[in-house]
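Tertiary structure, described
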Amino acid sequence: MKSYFITTPIYYVNANPHLGHAYTTIVADSLARFHRLMGKSTFFLTGTDEHGDKIVQAAEKQGQSPQEFVDTISGRFQALWLSLGIANNRFVRTTDAEHKLTVQAFLQKVYDAGDIYFGEFGGHYCYGCERFYTEKELENGLCPQHLTRPEFISEKNYFFRMSKYLPWLREHIQANPDFIRPERYRNEVLAMLESGGLEDLCISRPKSRLTWGIELPFDSDYVCYVWFDALLNYISALGWPNGEEYLQFWPGEHLVAKDILKPHAVFWPTMLKAAGLPLYSHLNVHGYWLVRDTKMSKSLGNVVDPLQMGQSYGLDAFRYFLLREMHFGADASFSEESLVGRINADLANDLGNLFSRVLAMTAKYFGSLVPQGAAFDKDDTAICELCAVAMRNYAQLFSHVQFAQALESLWELVRALNKYVDSQAPWTLYKQGNMERLATVIHVLLTAMRKVAICLWPVMPEVSVRMLEQLGQSVSDGMPPVPALEVEMDDFAGLEPGLKIAATSNLFPRIEKKDKDVAADAARPKKEKDKSRKQSSSLSDTPAPEQKEQPDTVPPPIDFEHFKALDLRVGTVVTAEKHPNADRILRLEIDFGEGKLRQILSGLAEHFAPEEIVGRQVCAVLNLPPRKIRGLMSHGMVLTAQSGETLRLLTVSAPLPNGGEIA
Ligand code: MSP
């Protein structure tokens, strides 16, 4: 396949962009760059979703017309992508004239084919979600998302005969294991299809209720349901049905988070099938970025601003962190501490050090000219083989959206190269006057470093170009020559002897942890935050320490007094239940011998069923400031220990009276 088409969701314009939106867009950008590097013609699409009730309400709040409002927020998304160096080919808006025409043409096509019908329907309508809920889907009669009572509405509407295509969809998903990936989401969709809960899709809203939408071509009293409208951006932006880009790039692949699995995995393929269009090739579904195990939200004040992160830590380092830290498909927790940890360990210590050491040695021993290597010994051959394997795995994993594993595979090579420097000890060879062997070692290192720099271009485009320039490579159009990866994998060559390279390299100065961490900050009361903000010095004021230090993974020592200040106690869990408004959190009532039970919210729900915890003794910190989490107060923190995905409760070796002090 010589063409590659990748999309992000088109984002709602009722809120400003944050880390979650930036993650999906950065991943799509990296995928597009990766496929360009593989020599493919690529098209990368993102945009904004601008119709619906929510937009009208948000515009009213701002005292703006819907159009003025959507122009402003859509502009913010476009500006952010520009600042983050996102190289999308098009930015689509559902208020674009061409998009509206496409939606109408598509609706007409499906209507003419007999798959849209008019019918009466009564259902529980949640205005927040802009959709109907069935009795079964409600929780205690409330919308599961908003915890509000939906209004029962009975009205005439247009319906898409989605149910007709569900058996076919199930077969398609079963026959194509990669259609929805990773597997957990494929299974989720199959379970949805097998549950029998899916019906025909209501695709209209009467204008008496909503006017901010695309008019149905066959009935001017109705506008199109937002999802039917929004999903069509993926082909309207390519100029369906006859546009050159549509003919070249469709079908492509989509990238979304788990929140919008159903519309993409059920509505969209059945819509395409009904209109006789080819299906997308892959739906790539990722998890959620959480902050301290809690969803980001404006009211909690823990929304991470991607631009600020890029500015504080470097755009490419931030991109690397996002791709390396999240295991695609699973949720991940964001903290500046882990961001700094990765920058220091992987970038400054492993990659940055490799470049500074080897460039400095080449300057000292060969006047910064690439030396001519002699015959390889077994250590050189091993590096050469590892390089081929690492690159092949990297490319394979990257194209299967396993970015963390792909980068890990490349880092096996980076770490092996650092070990090779240590074991070959070029400084000793120099002292011994063994210049032929020294030349071979340096040649091997520089050759492998060039390969690493090329591989990293999709993830860290600017740094990759700097690395290549330091290695004397000419870079045109801000990227390595294409098709770089395929050609480079099996051929351990690429650096001309005699080529002038840079004498120094300072790619990633080690950085200190910032005083202020968004995640930690969100947990503190506002007054305290303001105070520490005034006191903290900005990151750029901190001088960059030497690159050779060990990674900053060991926390600094604390005074015994600080430890004594913690009120650590043993208590018995009396009640445990799921937080009504946060999937990962349990609401616990714990007896610490205080005369009344203490409520603590804890991110245990994915590891323990409530009934597993009741009656157990746990250890907790009691003198943390009370914290509101999704509407409920937490008065302390239950202690846990974690390794990988395994989480255990800290407890006592034998029962102890409640309130027992831990020291
Ligand atoms: N407008 C619809 C999508 C229509 S696509 C035809 C929509 N918009 S949204 O603004 O709510 O964006 C949802 C998407 O934003 C998620 O699917 C994901 O790509 C991204 N994220 C928003 N918050 C996120 C996290 N906390 N973590 C990771 N990504 C998340 O749904």
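Every chain begins its residue count from 1, and numbering advances along the sequence as written. At least 70 in pLDDT is required for a residue's local features to be given in this predicted model, at least 80 for side-chain atom pairs to be given and counted, and no such filter applies to totals for whole chains, interfaces and linings, which use all residues. Side-chain numbers here rest on the full set of heavy atoms in the structure, without hydrogens or water.

A few points about the overall build of the protein
Quick note on the threshold: The way it works is that DSSP assigns letters per residue, a run of H or I at least four long becomes a helix, a run of E at least two long becomes a strand, and they are numbered from the N terminus. Our radius of gyration is a C-alpha quantity, and the globule rule it is checked against amounts to 2.2 Å times the number of residues to the power 0.38. Type-normalised accessible area, obtained with a 1.4 Å probe on protein chains alone, sets the label of each residue: buried when under 20%, exposed when over 50%, and partly exposed for intermediate values. Residue contacts are counted whenever heavy atoms from the two residues lie within 4.5 Å of one another. All accessible-area figures derive from a Shrake-Rupley calculation using a 1.4 Å probe, and residue coverage is judged against the displayed protein chains alone. The convention is simple: Lys and Arg are positive, Asp and Glu are negative, and His and the chain ends are not counted. Every charge is mapped to an atom, namely NZ of Lys, CZ of Arg, CG of Asp or CD of Glu.
Scanning the protein from N- to C-terminus turns up 23 helices and 25 strands. Here the C-alpha radius of gyration of the protein, 28 Å, is about what a compact globule of 663 residues would show, namely 26 Å. When the backbone C-alpha atoms are referred to their principal axes, the protein occupies close to 90 × 75 × 50 Å. Within the span of the protein, comprising 663 residues, buried residues form 51% of the whole. The contacts in the protein between residues at least 6 apart in sequence include a share of 74% that link residues at least 24 apart. Accessible surface computed for the protein: about 29400 Å², of which carbon and sulfur atoms make up 50%. Taken as two groups, the 69 positive and 81 negative side-chain charges of the protein have centres that lie 3 Å from each other.

A short note on the site of the ligand
Quick note on the threshold: We call a residue near a molecule or strand as soon as one heavy atom of that residue lies within 4 Å of the molecule or strand. Under the rule applied, a polar contact is a pair of N or O atoms within 3.5 Å (in protein, one hydrogen donor and one hydrogen acceptor; residues adjacent in sequence only if both atoms are side-chain atoms). Following the grouping adopted for this structure description, the nonpolar residues are Ala, Val, Leu, Ile, Met, Phe, Trp, Tyr, Cys and Pro, the charged ones are Asp, Glu, Lys and Arg, and the polar ones are all others, Gly among them.
Surveying the vicinity of the ligand reveals 23 residues, the closest of which are Ile10, Thr24, Asp49, Asp259 and Trp289. Between the ligand and the protein, one listed contact pairs a nitrogen atom with a backbone N or O atom of Gly20 at 3.4 Å. Take Asp259: an N or O atom from its side chain is 2.8 Å from an oxygen atom of the ligand. Across the complex, the protein chains shield 94% of the 680 Å² of accessible surface that the ligand would expose by itself. For the shell around the ligand, the secondary structure elements donating two or more residues are strand S1 (3-12), helix H1 (19-37), helix H7 (226-231) and helix H8 (233-236). When residues of the shell around the ligand are assigned to their parent elements, the largest contribution, four residues, is made by S1. Across the shell around the ligand, the residue classes break down as 13 nonpolar, eight polar and two charged.

Observations regarding the environment of Leu445
Relative to the elements of secondary structure, Leu445 occurs in helix H17 (residues 435-455). For Leu445 and Gln145, which are 300 residues apart along the polypeptide, the C-alpha to C-alpha distance reads 55 Å. For Leu445, the residues in contact, after removing those within four places along its chain, are Leu354, Val358, Leu417, Tyr420 and Val421.

Quick look at the packing of helix H11 (residues 306-313) against helix H12 (residues 315-325)
For any two helices packed against each other, one specifies the inter-axial angle together with the distance between the axes. The condition that has to hold: Lines fitted to C-alpha atoms define the axes here, with helix axes fitted over just the stretch in contact, and angles between the N-to-C directions of these axes take values from 0 to 180 degrees.
Axis separation between H11 and H12 bottoms out at 6 Å; the angle between their running directions is 115°. Contact residues: H11 offers Pro306, Met309, Gly310 and Tyr313, while H12 offers Leu315, Ala317 and Phe318. Tallied by class, residues from the contact of H11 with H12 come to six nonpolar, one polar and no charged.

So, the nonpolar core
Put simply, the rule is: Within this scheme, the nonpolar core is defined by two criteria: the residues are buried Ala, Val, Leu, Ile, Met, Phe, Trp, Tyr or Cys, and they are joined through side-chain atoms within 4.5 Å.
Core analysis: the largest hydrophobic core is formed by 116 residues, its most contacted members being Trp289, Phe334, Leu351 and Leu446. Excluding its chain neighbours within four sequence positions, the residues that come into contact with Leu446 are Val358, Leu359, Thr362, Val370, Pro371, Leu471, Leu495 and Ile501. Ranked by size, the runner-up nonpolar core spans 62 residues in total, among them Tyr165, Ile180, Ala237 and Leu283.

As for the sheet that holds strand S16 (residues 332-334)
Put simply, the test is: In this analysis, strands are considered paired if DSSP registers two or more bridges between them.
Strand order in the open sheet formed by three strands is S15-S14-S16, and the pairing between neighbours is mixed. With one partner strand each, in any of the chains shown, strand S15 (294-295) and S16 form the two edges of the open sheet. Here strand S14 (residues 289-291) runs beside S16; their pairing, made up of three bridges, is parallel. If you follow Val291 over to S16, its bridge partner there is Phe334.

Some words on the sheet that holds strand S17 (residues 568-578)
If you walk across this open sheet you meet the five strands as S19-S18-S17-S20-S23, and the pairing is antiparallel. The open sheet has two free edges, formed respectively by strand S19 (598-602) and strand S23 (637-638), since each of these has just one partner strand. With six bridges connecting them, S17 and strand S18 (residues 586-591) associate as antiparallel partners. Residue pairing in the sheet places Ala576 in a bridge with Leu588 of S18.

With respect to the pattern of salt bridges
The condition that has to hold: One side-chain nitrogen of Lys or Arg within 4 Å of one carboxyl oxygen of Asp or Glu is enough to make a salt bridge.
Counting across every chain of the model gives 33 salt bridges. As a salt-bridge pair, Arg437 and Asp380 come within 2.7 Å of each other at their nearest N and O atoms. In this pair, Arg437 is assigned in helix H17 and Asp380 in helix H14 (residues 378-399), connecting sequence segments 57 residues apart. No difference in accessibility class separates Arg437 from Asp380, as the two residues are buried. The salt bridge partner of Glu606 is Arg584, with a shortest N-O separation of 3.1 Å. Here Glu606 is found in the loop between S19 and helix H23 (610-613), whereas its partner Arg584 is found in the loop between S17 and S18, with 22 residues between them in sequence.

As for the pairing of strand S24 (residues 640-643)
Sheet topology places S24 next to strand S25 (residues 646-649); four bridges connect them, and they run antiparallel. In the sheet register, Gln642 faces S25, and the bridge partner there is Leu647. The hairpin formed by S24 and S25 contains two residues between the paired strands, and Gly644 there has a positive phi angle of roughly 60°.

Regarding the packing of aromatic side chains
To be explicit about the condition: Pairing of aromatic rings covers Phe, Tyr and the six-membered ring of Trp, with a centre-to-centre limit of 6.5 Å; geometry is then stacked below 30 degrees between planes, edge-to-face above 60, and tilted otherwise. Here, a charge over a ring is recorded when the distance from Lys NZ or Arg CZ to the ring centre is within 6 Å and its angle to the ring normal is within 35 degrees.
Taken as a whole, this structure holds 34 aromatic pairs when the rule is applied. Taking the centre distance of 5.0 Å and the plane angle of 40° together, the rings of Tyr320 and Trp411 count as tilted. With Tyr320 in helix H12 and Trp411 in helix H15 (residues 403-424), the pair connects residues that are 91 residues apart, well separated along the chain. The burial state of Tyr320 is the same as that of Trp411; both residues are buried. On the basis of an interplanar angle of 80° and a centroid distance of 6.2 Å, the ring pair of Phe376 and Phe492 is categorised as edge-to-face. With Phe376 in the loop between helix H13 (336-366) and H14 and Phe492 in the loop between helix H19 (484-489) and helix H20 (518-522), this residue pair connects regions lying 116 residues apart in the sequence. Its relative accessible area of 38% is what places Phe376 among the partly exposed residues. Positioned above the aromatic ring of Trp457 is the side chain of Arg33, whose terminal nitrogen or guanidinium carbon lies 5.1 Å from the ring centre. The side chain of Arg209 reaches across the aromatic face of Tyr125, ending 4.4 Å from its centre.

Examining the side chain of Gln617
Mapping Gln617 onto the fold places it in strand S20 (residues 617-621). Assessed through its relative accessible area of 13%, Gln617 is described here as buried. Only 2.7 Å separates the side chain of Gln617 from the backbone oxygen of Leu656, close enough to count as a polar contact. Within the structure, the side chain of Gln617 is placed 3.1 Å from the side chain of Asn658, a separation counted as a polar contact.

Quick word on H13
Rules: Working definition for bend: take the seven residues up to and ending at a residue and the seven starting at it, fit an axis to each, and measure the angle between the axes.
Bending of H13 peaks at approximately 40° at the position of Gly352. With respect to burial, H13 is a largely interior element, 23 of its 31 residues being buried.

A closer look at the environment of Tyr127
For Tyr127, the location among the structural elements is in the loop between strand S4 (116-126) and strand S5 (131-133). Remark: the alpha-carbon pair of Tyr127 and Pro150, spanning 23 residues in sequence, is separated by 7.4 Å.

Examining the domain arrangement of the protein
What counts, and what does not: What fixes the domain bounds is an automatic or database domain assignment.
According to the domain assignment, the protein contains domain 1 (333-489) and domain 2 (560-649). Computed from C-alpha atoms alone, the centre-to-centre distance between domain 1 and domain 2 is 46 Å.

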